[in-house]
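Structure assessment
Here is what each chain is made of, one letter per residue.
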Amino acid sequence: MEDGSLSHTPFMGLNLSRPPSGAPRAPRPDCPFCAIVAQGPAVAQSGRAVAFRDRAPAAVGGHFLVVPRNHIGSIYDLDGEDDVKMMNELEALGQEVALAASSGPSPPRIKTGFHFPPLYSVDHLHLHVFVLPHTSWWARLRFLQAPGAPWCATPAQVRARVAARRWVARGGSGGGKRAAPPPPGARMV
């Protein structure tokens, strides 16, 4: 997987995918991130995104979450050019927040990433933005973006595959519009 492709394989025999909610992309009253979008506390906002501090920081310089204003369950619910534009906006706002939070004469080390479902605590798409270093070895491992890591992906990896609409099962032919999230053992090619 040296080519930067994403892997989504069963982890310890568990099916890590879940079907998309099918709900319209509107705020949900039971979603804590939708509540933050509506009422704060936000550290920055743009047309389609809101950034706020993570409640359990995993980076010394700052740990932020950037979420779309509309409720989107996960990376598997992204599809099409408009979602790629929205992801660009999430990433740009994240970079802006990280740069504003950093201090010192040298540029900060910034890392961003998405978790694969269900390896997160809130079912609302969110981009983690870290101003490194991480707070611990466990935080570093939790957000590892190594090729083949089954739990975290860079925005560029997700954006490229959403743009190409290429969520396919292992051994599949690829292409075409994704109708459902990848099955267990699927990968992005």
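It should be noted that the structure appears before, not after, this text.
Note that the structure is predicted; figures quoted are calculated from it, not measured.

Thresholds, definitions, all that
Residues numbered from 1 in each chain as written. Predicted model: local features only at pLDDT ≥ 70, side-chain atom pairs only at ≥ 80, totals over all residues. Heavy atoms only, no water. Pairing = 2+ DSSP bridges. Helix = DSSP H or I, 4+ residues; strand = E, 2+ residues; numbered from the N terminus. Contact = heavy atoms within 4.5 Å. Axes fitted to C-alpha atoms, helices over the stretch in contact; angles between N-to-C directions. Phe/Tyr/Trp six-rings, centres within 6.5 Å; stacked < 30°, edge-to-face > 60°. Lys NZ or Arg CZ within 6 Å of the ring centre and 35° of its normal. Patch = residues over 30% accessible without salt bridge, like charges linked within 9 Å, V, L, I, M, F, W, Y side chains within 5 Å. Areas by Shrake-Rupley, 256 points an atom, 1.4 Å probe, with all protein chains shown as cover. Salt bridge = Lys/Arg side-chain N within 4 Å of Asp/Glu carboxyl O. Buried < 20%, exposed > 50% of the residue type's maximum accessible area, 1.4 Å probe, protein only. Arc of directions from axis to C-beta. Core = buried A, V, L, I, M, F, W, Y, C linked by side-chain atoms within 4.5 Å. Disulfide = S-S within 2.5 Å.

**Regarding the sheet that holds strand 6 (residues 152-153)**
The strand order across the open sheet formed by 6 strands is 1-2-3-5-4-6, and the pairing between neighbours is antiparallel. Either end of the sheet is taken by a strand with one partner, and the two such strands are strand 1 (44-45) and strand 6. Looking at chain direction, strand 2 (residues 49-53) and strand 3 (residues 62-68) are connected through 5 bridges and run antiparallel. Residue pairing in the sheet places Val 50 in a bridge with Val 67 of strand 3. Relative to the sheet, helix 1 (residues 32-39) contacts strand 2 and strand 3, its axis offset from that of strand 3 by approximately 90°. Across the sheet, helix 2 (residues 81-101) lies against strand 1, strand 2, strand 3, strand 4 (110-115) and strand 5 (127-131), angled at about 155° from strand 3, the strand it touches most.

**Here we look at the packing of aromatic side chains**
Evaluation of the coordinates by the stated rule reveals 4 aromatic pairs. Taking the ring centre of Phe 130 as reference, the NZ or CZ of Lys 111 above it sits at 5.7 Å.

**Considering a nonpolar patch on the surface**
On the surface, Trp 137, Trp 138, Leu 141 and Leu 144 cluster together into a nonpolar patch covering about 460 Å² of accessible area. Tracing the chain through its elements places Leu 141 in helix 3 (residues 137-142).

**Focus on helix 1**
Those residues of helix 1 that fall on the buried side of the exposure criterion are Phe 33, Cys 34, Ile 36 and Val 37. End-on view of helix 1: buried residues confined to an arc of 160°, all on one side of the axis. Away from the buried face of helix 1 by more than 90 degrees, exposed residues Ala 38 and Gln 39 are located. Of the surrounding elements, those touching the buried residues of helix 1 are strand 2 and strand 3. Phi for Gly 40, located one or two positions after helix 1, is positive at around 95°.

**Thoughts on the nonpolar core**
Counting 25 residues, the largest nonpolar core has Val 66, Ile 75, Leu 78, Leu 90, Phe 114, Leu 125 and Val 158 as the members making the most contacts within it. If you list the elements that add at least two residues to this core, you get strand 2, strand 3, helix 2, strand 5 and helix 4 (155-164). Ranked by residue count, the leading element in this core is helix 2, at 7 residues. Membership of the second largest hydrophobic core comes to 10 residues, among which are Cys 31, Val 37, Phe 52 and Leu 65.

**Structural notes on the state of the cysteines**
Across all of its chains, the model carries 0 disulfides by this definition. Unpaired in terms of disulfides, Cys 34 finds its nearest cysteine sulfur in Cys 31, a separation of 3.7 Å. Residue classification places Cys 34 among the buried residues on the basis of a relative accessible area of 6%.

Function cannot be inferred from these measures alone, as they are strictly geometric.
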